[in-house]
Amino acid sequence: MHKPATKPKCKRCRQPAVVQLPAHHSAFCRDCFFVFFERQVERAITEERMVRSDEEVLVAVSGGKDSLALWDVLDRLGYHTVGLHLDLGIGAYSRLSREKTEQFARQRQLRLEVVDFEKYGHAVPEMVRFTRRAPCAACGTAKRYYFDRVAAERGFSVVATGHNLDDEAARLLGNVLRWDVDHLARQRPVLEPSHERFARKVKPLFRLSEYETAAYAFLRRLDYVIEECPNAAGATQLRLKEHWNRIEADMPGSKLHFVLEFYRRAQPRFVEAKAEAPGTCERCGMPAHRSLCSFCSLVLEVERRKAPASAAAG
Ligand code: SF4
Ligand code: ZN
């Protein structure tokens, strides 16, 4: 005779569990899961010295589950935060993402800065059309630039992003598969600035899996954008995540172990090549290794190619 399957109980309070976490040999009810989640974030911030007690944190918020979960949890933990949303100008996806982010900020009365790419003439589809660069390459350059620029102009020393454990594990696996030593040297939960106009970049969710941030966002009833960016489909990062999920299903805890052990032991051995201290971009005044920073080179390329196109159209 089969014994009836016992319903999992919360590890902390013995109430029925709603979230099961094989990687942690745990299951939690809703409230205890929130405690678990907050502790993982606090632990990441404290152990990695991400934020000083007097620092205001600029939180990069896309409107997706990870970044809204991050902003929510930092606010609940009592950190002083300001949101930064980059409206990338990617059609309906960007409109919806901005709406969700603005709504979140309004409901909690949190300050939000928005940079509207279209207004500045460099919406991502436009940059791609005129430069033929891969969308994520152009978008990534622009995003990194604005995180630093807004931080520098508004006086923030730290920028937090919603990268979770799955993002870190996929990126790490990709870097290892290529033995990309330069990227391995820079893959850290905290990236200290190499110039006074750069901010420290921190990833307070790096201990939490995508499933855990999704569960948090769901249980907190966060209204986030569910649609993926149309450019994300087929990205290598997504395929690496699928491989990881197969490994994780077979060997729970592998993702966390792989990433944590890399940070603890292996990462310090990848010594970053001492790059020359950056100079100043002649167009925007941000740090640059050449006469122009990589974002300004991209924008100038767009403007140069756009000019003959618009002349021909006129
Ligand atoms: Fe930008 Fe690519 Fe992400 Fe879309 S998927 S938001 S284009 S980096
Ligand atoms: Zn520049």
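Structure first, text after, so check above.
Note that the structure is predicted; figures quoted are calculated from it, not measured.

## Quick notes on the packing of aromatic side chains
Now for step 1: Throughout the structure, instances matching the rule amount to 14 aromatic pairs.
Now for step 2: The interplanar angle of 70 degrees and the centroid separation of 5.4 Å between the aromatic rings of Y146 and F295 together place this pair among those described as edge-to-face. One end of the pair, Y146, is in helix 5 (residues 135–154); the other, F295, is in helix 11 (residues 294–313), with 149 residues separating them in the sequence.
Now for step 3: Note on F295: relative accessible area 4%, which makes it buried.
Now for step 4: Through pairs of rings, three or more aromatic residues link up here, namely F28, F33, F34, F36, F37 and Y216.
Now for step 5: Over the ring of F34 we find R220; its NZ or CZ atom is 3.7 Å from the centre of that ring.

## Concerning helix 5
Now for step 1: Spanning 20 residues, helix 5 covers 28 Å between terminal C-alpha atoms, matching the ideal 28 Å at 1.5 Å per step.
Now for step 2: Along helix 5, the residues classified as buried are A138, C139, G140, T141, A142, Y145, Y146, F147, D148, V150 and A151.
Now for step 3: Directly after helix 5, the chain includes G155, whose backbone phi takes a positive value near 80 degrees.

## Section: the pairing of strand 3 (residues 56–60)
Now for step 1: Across the 5 residues that make up strand 3, a large majority, 4, are buried.
Now for step 2: Across 5 bridges, strand 3 lies against strand 4 (residues 80–87) in parallel orientation. Pairing of V57 across the sheet is with T81, part of strand 4.
Now for step 3: Taking the sense of rotation as the criterion, the β-α-β connection linking strand 3, helix 2 (residues 65–76) and strand 4 turns out right-handed.
Now for step 4: Of the pairings in the sheet, the one linking strand 3 to strand 6 (residues 158–160) comprises 3 bridges and is parallel in character.

## What about the coordination of the zinc ion (ligand 2)?
Now for step 1: Protein coordination at the zinc ion (ligand 2): the donors are C281 (SG), C284 (SG), C293 (SG) and C296 (SG), at 2.2 to 2.3 Å from the metal.
Now for step 2: Viewed at the metal, the 4 donor atoms of the zinc ion (ligand 2) are separated by angles of 105 to 117 degrees, and the geometry they form is tetrahedral.
Now for step 3: Counting gaps between the donor residues of the zinc ion (ligand 2) yields the pattern C-x2-C-x8-C-x2-C. Here C281, found in the loop between strand 9 (279–280) and strand 10 (287–288), pairs with C296, found in helix 11; they are 15 residues apart in sequence, far enough to count as distant. When sorted by exposure, C281 lands in the same class as C296, which is buried.

Reading guide: rules and limits
Residues numbered from 1 in each chain as written. Chains lettered and ligands numbered in written order. Predicted model: local features only at pLDDT ≥ 70, side-chain atom pairs only at ≥ 80, totals over all residues. Heavy atoms only, no water. Phe/Tyr/Trp six-rings, centres within 6.5 Å; stacked < 30°, edge-to-face > 60°. Helix = DSSP H or I, 4+ residues; strand = E, 2+ residues; numbered from the N terminus. Buried < 20%, exposed > 50% of the residue type's maximum accessible area, 1.4 Å probe, protein only. Lys NZ or Arg CZ within 6 Å of the ring centre and 35° of its normal. Expected span 1.5 Å × (residues − 1). Pairing = 2+ DSSP bridges. Right-handed = clockwise from strand over helix to strand, strands pointing away. Donors = N, O, S within 2.8 Å, 3.2 Å for Na, K, Ca; no water. Tetrahedral: all angles 85-135°; square planar, octahedral: opposite > 155°, others 65-115°.

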